[in-house]
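Single-letter residue listing:
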Amino acid sequence: WRENRDAMLRVIRNHRRAAVGVKAGGAFEGLKHAPRGLDAAACPWPALSKRAQTVWNEAYELGSLNGFRNAQVSAIAPTGTIGLVMDCDTTGIEPDYALVKFKRLAGGGQIKIVNRSVPAALAALGYDEREIRDIADYVVGRGTIDGAPGVFPEALLREGFTDKHLKALDERLKLAFDLTFAFTPQALGEDFCRHILGFSENQMQATGYQVLRDLGFADEEIHASNLYCCGAMTIEGAPHLKLEHYQVFDCATPCGRIGERALSVDAHLEMMAAAQPFVSGGISKTVNLPNRSSIADCAGAYLKAYELGLKSIALYRDGSKLSQPLAAALLSAEAEDDEEDLAEILSQAPAAEKSRIVAERIVERIIERTPGRRRLPDRRKGYIQKAIVGGHKVYLHTGEFDDGELGEVFIDMHKEGAAFRSLMNNFAIAISLGLQYGVPLEEFVDAYVFTRFDPSGPVSGNDQIKHATSILDYIFRELAISYMGRTDLAHVDPAESAVDAIGKGVSLEKAQADASRLISKGFSRSTVTDNLVVLRGGEFDRMRKTEGAVTAPEIEREVARLAEAVNRKAPPGSLASPAGRE
């Protein structure tokens, strides 16, 4: 304590200033970013706000006299499991993870947790009892097939179900994530499936979705019944609910299968910033990031937290671990034609097999099932490569997304028959659609490189490829080299044809190359190529002849002049004129 007395008291004084305000307590000490202070006038409970101010005075006075035993004077403990045991809908300072969620238990299995504050919130917003009941049924479902629009009791009785089976079915639906989970052969019972429903050996291995199909229910009936029994697990799209009230029910992650809304990262950080002045240590709270978050998103969250004065944050990207305590949807829930009772599979698998199964499901969900088509910008980048393969001219046009990834290709064969040219054009369209729907370029490269058919033979006009076994072999070699860096598919050393290569000697090289060789004047609308040049550098410039060389101070002045001209939005062409020659 003696060694850290001054630093500890400085921390307590800063917390006291945040509670009483800088006017009464003075400026913050040693902080580059001031934390959020308490707005006592806005607090609806005057006694609470007054006590929040006096408690820090007491902490500082008692600490100055007696010292501090612990490094933290106040703290917010991790309350995840404790909050659930205490029958709380939310856990401490955390928002609710989802309106309907599934928690994995330490001893195995999982439980379905439903937020029970929704009806009270709807009543506070002015909805009547009938509207609240309709909204609640939409979110969590009714837990029974009685009255369902598609899969209803009378239809099941005609298939051989009895009242006993229907009662057991309703019990399973109360905890089921999906209607189909209650109709798997394992859930219905082997004896019932074989002797009453007459299932074959193959049908005994079917999913619940396929069982309902075999019983004669259409896909639309299954989906409608699923919404009726198990609910949408999100409030988005609920009947009677006004759009302006959606934000009241936003959670840490999108809810259910169809939910899209979720609290932003800034919302998490702002809530922590409001509480941080009253917590002398870090706040134990997870900032939830969506699965698509990048490294830049994580860096931005850390920077925002620093600027708000937070002492620590914990980031978690959804799905980044093979096992997480809470989940808003099961991995198998995305598949409609191939749904399986994932919990049953995992409960019977050894530990190593569990990791493999879950990892495959995560990879399948994130990579293979790209949601929809990615559209190219109306004005796009790309290049045109002309070459002759086995005596046949080939023009390859490419189009790129804004991030530089390949999004489309066009193939034009010079002086070929109409049928062959049309076939190549439509092949290019098929490849373009695949790229836009998320098929990796690598898959196309692996499929078409080394294919053999005519035209084939030597290649001229391409500085990387000298021979191709077919037109498709040439095209996908070129795309792999240009967009994937697959120099192993090139026939020359790529260092010899790079823009910064030394080449055949200093005396044959130019000091600078026109930027129009690399940048489209039309794409840049004539504003870039006039102002840019490609300069050689490093040892290459030191080997040049010194006649007329520009000295270092002159270079610095030229750079400063160019920067100033850019800031003034100089007209096209003026930046390329030497200093003093305008």
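Bear in mind the structure is a predicted one, so any value in this text is a computation, not a measurement.

## Some thoughts on the overall build of the protein chain
What the protein chain contains, in helices and strands, is 22 helices and 12 strands. Buried positions account for 36% of the 582 residues belonging to the protein chain. A fraction of 60% describes how many contacts in the protein chain between residues 6 or more apart in sequence connect residues 24 or more apart. When the accessible area of the protein chain is evaluated, it comes to approximately 33600 Å², of which 54% is carbon and sulfur surface.

## Digging into the side chain of Arg16
With respect to the secondary-structure elements, Arg16 resides in helix H1 (residues 5-20). Among buried charged residues, Arg16 stands out as having no salt bridge; its nearest opposite-charge side chain is Glu61, 5.6 Å away. In this structure Arg16 touches Gly21, Trp56, Asn57 and Tyr60, once residues within four positions along its chain are discounted.

## Let's talk about the pairing of strand E8 (residues 406-413)
Burial of E8 is extensive: six of the eight residues sit out of reach of the surface. In sequence, strand E7 (residues 392-400) turns back onto E8 through a hairpin of five residues, with Gly404 there showing a positive phi of about 90°.

## Some details on the packing of H1 against helix H3 (residues 46-66)
Packing of H1 against H3 brings their axes to within 8 Å, and their N-to-C directions diverge by 165°. Relative to H3, the element H1 is oriented roughly antiparallel. As H1 runs across H3, the sense of the crossing is left-handed. For the pair formed by H1 and H3, the contact residues are Arg5, Leu9, Ile12, Arg13, His15, Arg16, Ala19 and Val20 on the first element and Ala52, Gln53, Trp56, Asn57, Ala59, Tyr60, Gly63 and Ser64 on the second. The residue inventory of the contact of H1 with H3, partitioned by class, reads eight nonpolar, five polar and three charged.

## A word on the packing of helix H13 (residues 265-275) against helix H14 (residues 295-307)
Packing of H13 against H14 brings their axes to within 10 Å, and their N-to-C directions diverge by 25°. Judged by the angle between their axes, H13 and H14 are roughly parallel. Where H13 crosses over H14, the handedness of that crossing is right-handed. For the pair H13 and H14, contact is made by Val265, Asp266, Leu269 and Glu270 and by Ala301, Lys304 and Ala305, respectively. By residue class, the composition of the contact of H13 with H14 is four nonpolar, no polar and three charged.

## A look at the sheet that holds E8
Read from one edge to the other, the open sheet built from five strands follows the order E8-E7-E6-E9-E10, with strand pairing classed as antiparallel. Both edges of this open sheet fall to E8 and strand E10 (467-468), since each of them pairs with a single strand only.

## Concerning helix H19 (residues 471-484)
Its 14 residues place the ends of H19 19 Å apart at the C-alpha level, agreeing with the 20 Å of an ideal helix rising 1.5 Å per residue. Here H19 lies mainly inside the structure; 12 of its 14 residues are buried. Within H19, the full set of buried residues consists of Ile471, Leu472, Asp473, Tyr474, Ile475, Phe476, Arg477, Glu478, Leu479, Ala480, Ile481 and Tyr483.

## What about the nonpolar core?
Counting residues in hydrophobic clusters, the biggest one holds 31 residues, and the most contacted among them are Ile411, Tyr474, Ile475, Phe476 and Leu479. Of all elements in the fold, only strand E6 (384-389), E7, E8, helix H17 (418-436), helix H18 (441-448) and H19 reach the threshold of two or more residues within this core. Of all the elements, H19 adds the most residues to this core, at nine residues. Those residues in contact with Phe476, other than ones at most four positions away along the chain, are Phe427, Ile431, Phe444, Val445, Tyr448 and Val449.

## Structural notes on the packing of aromatic side chains
Tallied over the entire structure, the rule returns eight aromatic pairs. Between Trp1 and Phe68, the ring centres sit 5.6 Å apart and the planes meet at 70°, which makes this aromatic pair edge-to-face. Pair noted here: Trp1 is in the segment before H1 and Phe68 is in the loop between H3 and helix H4 (80-85), with a separation of 67 residues, a long-range link. For Phe68, a relative accessible area of 18% corresponds to the buried category. Among the aromatic side chains, those forming a connected cluster through ring pairs are Phe427, Phe444, Tyr448 and Phe476. A cation over an aromatic ring shows up here: Arg16 above the ring of Tyr60, its NZ or CZ 4.6 Å from the ring centre. Positioned above the aromatic ring of Phe401 is the side chain of Arg374, whose terminal nitrogen or guanidinium carbon lies 3.9 Å from the ring centre.

## As for the pattern of salt bridges
Within the structure shown, the criterion is met by 16 salt bridges. Between Asp250 and Arg261 there is a salt bridge; the shortest N-O distance is 2.9 Å. In this pair, Asp250 is assigned in the loop between helix H12 (219-230) and H13 and Arg261 in the loop between H12 and H13, connecting sequence segments 11 residues apart. Among the salt bridges present, the one from Asp412 reaches Arg421, with a minimum N-O distance of 3.0 Å. Given a relative accessible area of 29%, Asp412 falls into the partly exposed group. The exposure class assigned to Arg421 is partly exposed, which follows from its relative accessible area of 33%. What emerges from the salt-bridge pattern is a single network uniting Arg13, Arg17 and Glu29.

## A look at helix H6 (residues 129-140)
With 12 residues, H6 should reach 16 Å at 1.5 Å per residue; the first-to-last C-alpha distance of 16 Å fits that figure. The backbone nitrogen of Arg130 has a side-chain oxygen 3.2 Å away, supplied by the residue at the start of H6, namely Asp128. Directly beyond the C-terminal end of H6, a positive phi value near 80° is found at Gly141.

## Considering the environment of Trp56
For Trp56, the location among the structural elements is in helix H3. Look at Trp56 and you get buried, because its relative accessible area is 6%. In this structure Trp56 touches Ile12, His15, Arg16, Ala19, Ser74, Pro277, Phe278, Val279 and Ser280, once residues within four positions along its chain are discounted.

## Concerning unusual backbone geometry
The omega torsion across Asp454 and Pro455 is 0°, close enough to zero to call that bond cis. Within the secondary structure, Pro455 sits in the loop between H18 and strand E9 (457-460).

## Let's talk about the confidence of the model for the protein chain
Scored by pLDDT, the protein chain comes out at a mean of 77, with 71% of its residues at no less than 70. Counting interchain partners and residues more than four positions distant, the pLDDT-below-50 stretch residues 330-340 has 33 contacts. With pLDDT under 50 throughout, residues 538-550 is counted as low confidence; its partners more than four residues away or in other chains account for 10 contacts.

Parameters and conventions
- Residues numbered from 1 in each chain as written.
- Predicted model: local features only at pLDDT ≥ 70, side-chain atom pairs only at ≥ 80, totals over all residues.
- Heavy atoms only, no water.
- Helix = DSSP H or I, 4+ residues; strand = E, 2+ residues; numbered from the N terminus.
- Buried < 20%, exposed > 50% of the residue type's maximum accessible area, 1.4 Å probe, protein only.
- Contact = heavy atoms within 4.5 Å.
- Areas by Shrake-Rupley, 256 points an atom, 1.4 Å probe, with all protein chains shown as cover.
- Lys, Arg positive; Asp, Glu negative; His and termini not counted.
- Salt bridge = Lys/Arg side-chain N within 4 Å of Asp/Glu carboxyl O.
- Pairing = 2+ DSSP bridges.
- Axes fitted to C-alpha atoms, helices over the stretch in contact; angles between N-to-C directions.
- Parallel < 35°, antiparallel > 145°, perpendicular 65-115°, else oblique.
- Left-handed = near helix turned anticlockwise from the far one by under 90°.
- Nonpolar A, V, L, I, M, F, W, Y, C, P; charged D, E, K, R; others polar.
- Expected span 1.5 Å × (residues − 1).
- Core = buried A, V, L, I, M, F, W, Y, C linked by side-chain atoms within 4.5 Å.
- Phe/Tyr/Trp six-rings, centres within 6.5 Å; stacked < 30°, edge-to-face > 60°.
- Lys NZ or Arg CZ within 6 Å of the ring centre and 35° of its normal.
- Polar contact = N/O pair within 3.5 Å; in protein donor to acceptor, adjacent residues only side chain to side chain.
- pLDDT = per-residue confidence, 0-100.

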